[in-house]
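# Summary of structural features
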Amino acid sequence: MTKYVSVNRILKLMGNRFEFTVIAEHEQEGNAAIDAAIDEVRRIEYLLTTFSDLSQTSLINGRAGLSPVKVDEEVISLIERSVRISEITDGAFDITYGSIDKRLWNFDQGMTSLPDEETALKSVGLIDYRNVIIDKKKSTVLLKNKGMRIGFGGIGKGYAADKAKLVLQKLGIKSGIVNAAGDLITWGTQASGHPWTVGIADPEQTDRPFSALKISDMAIATSGSYEKFVTINGKRYSHTIDPKTGLPVSSVKSVSIICPSAELADALATPVVVMGVKIGLELINQIKQVACIVIDDNDRVYTSNNINVI
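Residues numbered from 1 in each chain as written. Predicted model: local features only at pLDDT ≥ 70, side-chain atom pairs only at ≥ 80, totals over all residues. Heavy atoms only, no water.

### What to know about the overall build of the protein chain
Secondary structure summary: the protein chain contains seven helices and 15 strands in total. Looking at the protein chain as a whole, 51% of its 310 residues are labelled buried. When contacts within the protein chain are restricted to residue pairs at least 6 apart in sequence, those whose partners lie at least 24 apart make up 59%. Element-wise, carbon and sulfur atoms account for 50% of the exposed surface of the protein chain, whose accessible area totals about 15,400 Å². (Helix = DSSP H or I, 4+ residues; strand = E, 2+ residues; numbered from the N terminus. Buried < 20%, exposed > 50% of the residue type's maximum accessible area, 1.4 Å probe, protein only. Contact = heavy atoms within 4.5 Å. Areas by Shrake-Rupley, 256 points an atom, 1.4 Å probe, with all protein chains shown as cover.)

This is the structure we're talking about:
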């Protein structure tokens, strides 16, 4: 009987901590497969990053309000899927989020008040996914207004995790995990034959989980304010900004989305934080194969209809 080994590697990709774990027949096979997965994530990073003037994202942003930019079919498809998420979340997710005026927000201890509503609204004036003009035949993208910027911060890591998983599977890796800074996807089982499980962090003590979920052949992404927030007049505000108002959201501490795709989990986690418990859960309950765990500011736990927290 073949004895399998677990091969693991952690490194920084897309500005985030990526961790690859594969179950392979021997270490050499596992490492070669991880090398290929890393190359795939780097390829995606080169396409999507806003830190290089040569990326397709930067080229689109550079021609905002001026002319359409020809990009790869892969980028067109990702933008189309992003726009669909914007539609179903009523704009709580928006890839034109890159045009927010960041000077208002530093979320450090020096931040003792919120900007007034008018100033906040102005800061998000250019955010509107409906002003992304896609021409599929010509494979071009145009941002309608000058100063508009797209960014894939809310969906790119999940997309990269899904693509890395496909590369690993094509190379014969039947079990593994790709963890893109907490957006993770799993397939198969652990070397012991047991299913993969993940702990959902306790929002008050992030080093200990309050529950565990079996997530073999599933993806999970978590978004929340427990890592970065400010308290103003006794109320806690997350670093997540509502793209419609320009103001930080409050009331939700953490959202975990569980579904078959890391891209979808990544894309839905933050908008549910923005939408709040009631509307967020109503949305998730309408989407097939998607489950959700929400923790509010009072540490109450809510789940979508189709999930059991063990």
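### What about the pattern of salt bridges?
Within the structure shown, the criterion is met by 12 salt bridges. In this structure, glutamate 80 engages lysine 136 in a salt bridge whose closest nitrogen and oxygen atoms are separated by 3.4 Å. One end of the pair, glutamate 80, is in helix 3 (residues 73–88); the other, lysine 136, is in the loop between strand 4 (132–135) and strand 5 (140–143), with 56 residues separating them in the sequence. Residue class for lysine 136 comes out exposed when judged on its relative accessible area of 57%. Several salt bridges converge on common partners, so that one network encompasses Glu40, Arg43 and Glu74. (Salt bridge = Lys/Arg side-chain N within 4 Å of Asp/Glu carboxyl O.)

### As for helix 1 (residues 27–48)
Between its terminal C-alpha atoms helix 1 stretches 31 Å, which fits the 32 Å expected from 22 residues at 1.5 Å a residue. When we look at burial in helix 1, the residues that qualify are Gly30, Ala33, Ile34, Ala37, Ile38, Glu40, Val41, Ile44, Leu47 and Leu48. Turning to helix 1, the residues buried within the fold contact strand 1 (5–13), strand 2 (16–24), helix 2 (56–62), helix 3 and helix 5 (156–170). (Expected span 1.5 Å × (residues − 1).)

### What about the sheet that holds strand 2?
One open sheet accounts for eight strands, arranged 1-2-6-7-10-13-14-15; its pairing is antiparallel. Whereas interior strands pair on both sides, the edge strands pair on one side only; in this sheet they are strand 1 and strand 15 (301–303). Neighbour to neighbour, the strand axes of the sheet diverge by 10° on average, direction disregarded. Alignment of strand 10 (residues 219–224) against strand 13 (residues 252–259), held across six bridges, turns out to be antiparallel. Its bridge partner lying in strand 13, glycine 224 is registered against serine 254. Contacting strand 1 and strand 2, helix 1 crosses the sheet at an angle of about 25° to strand 1. (Pairing = 2+ DSSP bridges. Axes fitted to C-alpha atoms, helices over the stretch in contact; angles between N-to-C directions.)

### So, the packing of helix 3 against helix 6 (residues 262–275)
Where helix 3 meets helix 6, the closest approach of the two axes is 11 Å, and the angle between their N-to-C directions is 40°. On the basis of their axis angle, the class for helix 3 and helix 6 is oblique. Along this stretch, helix 3 crosses helix 6, giving a crossing that reads as right-handed. Residues Leu78, Arg81, Ile85 and Ile88 of helix 3 pack against Glu263, Leu264, Ala267 and Leu268 of helix 6. For the contact of helix 3 with helix 6, the per-class residue count stands at six nonpolar, no polar and two charged. (Parallel < 35°, antiparallel > 145°, perpendicular 65-115°, else oblique. Left-handed = near helix turned anticlockwise from the far one by under 90°. Nonpolar A, V, L, I, M, F, W, Y, C, P; charged D, E, K, R; others polar.)

### Thoughts on the environment of glutamate 74
As for its placement among the helices and strands, glutamate 74 is situated in helix 3. Sequence spacing of glutamate 74 and serine 139 is 65 residues, and the spatial spacing of their C-alpha atoms is 9.8 Å. Not counting chain neighbours up to four residues away, the residues in contact with glutamate 74 comprise Arg43, Ile44, Leu47, Tyr159 and Lys163.

### Focus on the sheet that holds strand 5
One open sheet holds the three strands; their spatial order is 3-5-4, and the pairing between them is antiparallel. Both edges of this open sheet fall to strand 3 (69–70) and strand 4, since each of them pairs with a single strand only.

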